[in-house]
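Architecture and fold: a report
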Amino acid sequence: MTKIKLVALDLDGTMLEWDKTILPELREALIKLSKKGVKVTTASGRPLPDQVKYLNANKLGACAGVPHALIANEQEIYFLVEKGYRPYLEHYLKIEREWKRLLPSIMKLLEETEKELKERGFNVKIWVSEEIACERHLAGLKFESSEEARWAEKYLNEKIREKGLKLKCSRVWALLQVILSSAGKGETLRELADYWRIDYNEVLCVGDCVHDLDMLDSKYGFIPATVSNAVEEVKEVVLRRGGYVSPFSCGKGVLDILKKYRLIE
């Protein structure tokens, strides 16, 4: 079995229980991994302040020395320092420049799409203001159901292709996010692995939702795994790519996965 040197964990529905707590056993396991020299990172669509809040509440982060990095908004990388997390500045500024350049076109695209889909009978609205979109480096459309968002994903991707914009969609339940084509959990995890000089087949990634597929579909060569509460689409992809589907949910599932890959006993 390949020696795993980096573990990437989604937050909601994976590291976090439904009440936003982290199992004490999982906390201890992550600390032990760190002491063994295994790097740990989150891989989340949540912004940095949310992640720090949940980690601090569960006695992780700077006080515990793990996770060593946070992937926020599916694209930003923050490294653990003595008092908290600092951005990987070169990577962050690259995202910032490209996003600000494209933002007027992105908001126009979303306004057009919102109008067109409403005419088709969809219950849809623009997800965040332009100010928040600028801050988080993502924007999107909010739908009434995940089925509507799934259909609209194809529609919006086609419009993106027609306009020649360097963007892509990331679907989270009934939310359809628009991010840079160079963003996404998979591409960002690849960037982090390169920074730490870790081979991609030494990276174990765990997620439960469709926006995790970007790192779970093995196009980068990561080892994929998921938990029992994952959506069926994710379970199917993980199994097809030779990964592991735990019979346990959330934190217990992550612990089971760490045992499966011999990272803990």
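Residues numbered from 1 in each chain as written. Predicted model: local features only at pLDDT ≥ 70, side-chain atom pairs only at ≥ 80, totals over all residues. Heavy atoms only, no water.

**Here's the deal with the packing of helix 1 (residues 24-35) against helix 9 (residues 250-260)**
Interaxial distance between helix 1 and helix 9 falls to 9 Å at its minimum, and their mutual angle equals 35°. Considering how the two elements wind past one another, helix 1 and helix 9 form a crossing that is left-handed. Contacts between helix 1 and helix 9 pair E25, L26, A29 and L33 from the former with G251, V254, L255 and L258 from the latter. Of the residues belonging to the contact of helix 1 with helix 9, the class tally is six nonpolar, one polar and one charged. (Axes fitted to C-alpha atoms, helices over the stretch in contact; angles between N-to-C directions. Helix = DSSP H or I, 4+ residues; strand = E, 2+ residues; numbered from the N terminus. Left-handed = near helix turned anticlockwise from the far one by under 90°. Contact = heavy atoms within 4.5 Å. Nonpolar A, V, L, I, M, F, W, Y, C, P; charged D, E, K, R; others polar.)

**Brief notes about the nonpolar core**
Core analysis: the biggest nonpolar cluster contains 37 residues, and L204 and L258 have the highest contact counts within it. Contributing elements (two or more residues each) for this core: strand 1 (6-9), helix 1, helix 2 (48-57), strand 3 (69-72), strand 10 (203-206), strand 11 (223-226) and helix 9. A per-element tally of this core places helix 1 first, with five residues. Aside from chain neighbours lying at most four places away, what touches L258 is V7, L26, A29, L33, L204, L263 and I264. In terms of nonpolar packing, the next biggest core, distinct from the first, is built from 30 residues, M107, F122, A149 and L156 among them. (Core = buried A, V, L, I, M, F, W, Y, C linked by side-chain atoms within 4.5 Å. Buried < 20%, exposed > 50% of the residue type's maximum accessible area, 1.4 Å probe, protein only.)

**What to know about helix 9**
Along helix 9, eight of the 11 residues are buried, which leaves the element largely enclosed by surrounding structure. Where the residues of helix 9 are buried, they touch strand 1, helix 1, strand 10, strand 11 and strand 12 (244-245).

**Observations concerning the sheet that holds strand 8 (residues 167-172)**
Ordered by their spatial adjacency, four strands build an open sheet running 6-7-9-8, and the pairing between neighbours is antiparallel. Of all the strands in the sheet, just strand 6 (124-126) and strand 8 have a single pairing partner and so form its edges. Averaged over all adjacent pairs, the angle separating strand axes in this sheet is 20°, with direction ignored. In this structure, strand 8 lies alongside strand 9 (residues 175-180), joined through six bridges in antiparallel fashion. Looking at the pairing, K168 lines up with I179 of strand 9. (Pairing = 2+ DSSP bridges.)

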